[in-house]
Amino acid sequence: MLDLVIPVYKNIAGLYRSLFSIGTEVGDKIFVTIVDDCSGDNYDDVINFFQKFFPIRVIYLKENGGPGIARQIGLEKATQPYISFLDCGDVYVSPTRLKECLQDVADNPSSVLF
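Heads up: these notes are all about the structure in this document. Here the residue index of a chain counts from 1 through its sequence in written order. Residues qualify for local features only when their pLDDT is at least 70, as the model is predicted, and side-chain atom pairs are given and counted only at 80 or more; totals for whole chains, interfaces and linings, by contrast, use all residues. Water and hydrogen atoms play no part in the side-chain values, which are based on all heavy atoms of the structure.

Some remarks on the overall build of the protein chain
Quick note on the threshold: We count a stretch as a helix when DSSP gives it H or I for four or more residues in a row; a strand needs E for two or more, and each element gets its number in order from the N terminus. C-alpha atoms define the radius of gyration, and 2.2 Å times the number of residues to the power 0.38 defines the globule rule. When accessible area is computed with a 1.4 Å probe and restricted to protein chains, residues below 20% of their type maximum are described as buried, those above 50% as exposed, and intermediate ones as partly exposed. Any pair of residues with heavy atoms lying within 4.5 Å of one another is described as a contacting pair. All tallies of charge rest on Lys and Arg as positive and Asp and Glu as negative; His and the ends of each chain are not included. Here the site of a charge means atom NZ of a Lys, CZ of an Arg, CG of an Asp or CD of a Glu.
When helices and strands are tallied, the protein chain shows 4 helices and 4 strands. Taking 114 residues into account, the globule formula puts the C-alpha radius of gyration at 13 Å, and the protein chain, at 14 Å, falls close to it. Projecting the C-alpha coordinates of the protein chain onto the three principal axes gives extents of approximately 40 × 25 × 20 Å. The buried share of the protein chain, taken over its 114 residues, is 37%. Considering only contacts in the protein chain between residues 6 or more positions apart, those separated by 24 or more positions represent 79%. Taking the average location of the 10 positive side-chain charges in the protein chain and that of its 15 negative ones, the two points are 1 Å from each other.

Below you can see the structure in the form of structure tokens.
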């Protein structure tokens, strides 16, 4: 239902915080796309942990282009009807907030912007 794009550059702790804030109750309703902006960091441990709760795809950029380019690449790879962006290190207010937003969209399928 939702593609969540997270651009990341040299911020393992921030990625952990962002993924943790998504919560564990969203299941297959979201698809997380992490766009690694040529940071050279290894995010495998963080990604492997959170893949137990929701699907994650990682796109590795060959050149650093900044968060705007990373968002654009993530947008181009989106497969779900709704798309959202979360900057690495940013968090949802509570682990149930994204689930509540998804329920609001499900209850109002004619929504085009949330």
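There's plenty left to go through after this.
Examining unusual backbone geometry
Within the chain, Lys-10 stands out as a residue other than glycine whose phi angle is a positive 50°. Looking at where Lys-10 falls in the secondary structure, it is placed in the loop between β1 (2-8) and α1 (12-22). Of note, the phi angle at Cys-38 is positive, near 60°, even though the residue is not glycine. Within the secondary structure, Cys-38 is located in the loop between β2 (30-36) and α2 (44-50).

Overview of the environment of Asn-11
Secondary-structure assignment places Asn-11 in the loop between β1 and α1. The residues contacting Asn-11, other than those within four sequence positions of it, are Asp-41, Tyr-43 and Cys-88.

What about the side chain of Ser-39?
The cut-off we apply is this: Counting of polar contacts relies on pairs of N or O atoms within 3.5 Å, with two restrictions inside protein: one atom must be capable of donating a hydrogen and the other of accepting it, and residues adjacent in sequence are counted only when both atoms are side-chain atoms.
Here Ser-39 lies in the loop between β2 and α2. A distance of 2.7 Å separates a polar atom in the side chain of Ser-39 from a polar atom in the side chain of Asp-36. In this structure, Ser-39 is in contact with Tyr-9 and Lys-10, ignoring residues within four places of it in sequence.

A closer look at the sheet that holds β2
Going by this rule: Here the rule is simple: two strands pair whenever DSSP picks up at least two bridges between them. As a rule, the C-alpha atoms of each element are fitted with a line to give its axis, helices using only the stretch in contact, and angles between N-to-C directions run from 0 to 180 degrees.
The 4 strands are arranged β3-β2-β1-β4 in an open sheet whose pairing can be described as parallel. The two strands at the open ends of the sheet, each matched to only one other strand, are β3 (56-60) and β4 (82-85). The mean angle between the axes of side-by-side strands here comes to 20°, regardless of whether they run parallel or antiparallel. When β2 meets β3, the two strands line up parallel, connected through 5 bridges. Residue pairing for β3: Val-35 is matched across the bridge by Ile-59. Where helix α3 (residues 67-76) meets the sheet, it contacts β1, β2, β3 and β4, and its direction lies at approximately 150° from that of β1.

Overview of the packing of aromatic side chains
The test is simple: Aromatic pairing here means that ring centres of Phe, Tyr or Trp (its six-membered ring) are within 6.5 Å. Orientation follows from the plane angle: under 30 degrees is stacked, over 60 is edge-to-face, and everything else is tilted.
Throughout the structure, instances matching the rule amount to 5 aromatic pairs. Ring centres 6.2 Å apart and planes at 20° place the aromatic pair Phe-50 and Phe-54 in the stacked group. On the basis of relative accessible area, Phe-50 is assigned to the buried category, the value being 3%. On the basis of relative accessible area, Phe-54 is assigned to the buried category, the value being 2%.

It is worth stressing that arrangement in space is one thing and function is another; only the former is reported here.
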